[in-house]
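Tertiary structure, described
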Amino acid sequence: MGKCYPPNGQVAVKNSVDGDDLTLAHEKVHEMDWRKDGDFDVEDGADMDALKTGIQKDPTADSQGVYNDGNLMNYAKTGQIIGHEQGRELDP
């Protein structure tokens, strides 16, 4: 649905499948993260092993609050919130 492309952090979003209108904001977080230091530090709320029961959380993403309901980087229950740890990684 959306992607942030290195090396310059260009963002692409397929709006026709963006049901909550938050994909652009999600990808802009990746872009501001990349722009700060050339590295992706803000994690996504991906299931690290879909073959196992339940959501297998990435420890770094979990420490950033990504899996919390309403977090912008949470794939399942996306909202408009970014946490303090995530915000520290962004280029203003």
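Just so it is clear, the structure is predicted and the values come from calculations on it, not from any experiment. (Residues numbered from 1 in each chain as written. Predicted model: local features only at pLDDT ≥ 70, side-chain atom pairs only at ≥ 80, totals over all residues. Heavy atoms only, no water.)

Observations concerning the pattern of salt bridges
Counted by the stated rule, this structure contains five salt bridges. Across the pair Lys77 and Asp69 runs a salt bridge, and its minimum N-O distance is 4.0 Å. Taken together, the shared-partner salt bridges connect Lys28, Glu31, Arg35 and Asp91 into one network. (Salt bridge = Lys/Arg side-chain N within 4 Å of Asp/Glu carboxyl O.)

So, the packing of aromatic side chains
Counted according to the given criterion, the structure contains one aromatic pair. A cation sits over an aromatic face here: Lys3 above Tyr5, 5.8 Å from the ring centre. (Phe/Tyr/Trp six-rings, centres within 6.5 Å; stacked < 30°, edge-to-face > 60°. Lys NZ or Arg CZ within 6 Å of the ring centre and 35° of its normal.)

As for the pairing of strand β1 (residues 2–5)
Bridge count between β1 and strand β2 (residues 10–13): four bridges; the pairing is antiparallel. Bridging across to β2, Cys4 finds its partner in Val11. Taking the residues that link successive antiparallel strands as the turn, the β1-β2 hairpin has four residues, and the phi of Gly9 there is positive, at about 80°. (Pairing = 2+ DSSP bridges. Helix = DSSP H or I, 4+ residues; strand = E, 2+ residues; numbered from the N terminus.)

Some words on the environment of Glu31
Within the secondary structure layout, Glu31 lies in helix α1 (residues 23–37). A C-alpha to C-alpha distance of 8.8 Å links Glu31 and Pro6, two positions 25 residues apart in sequence. Residues contacting Glu31, with those up to four places away along its chain left out, are Cys4, Gly9 and Val11. (Contact = heavy atoms within 4.5 Å.)

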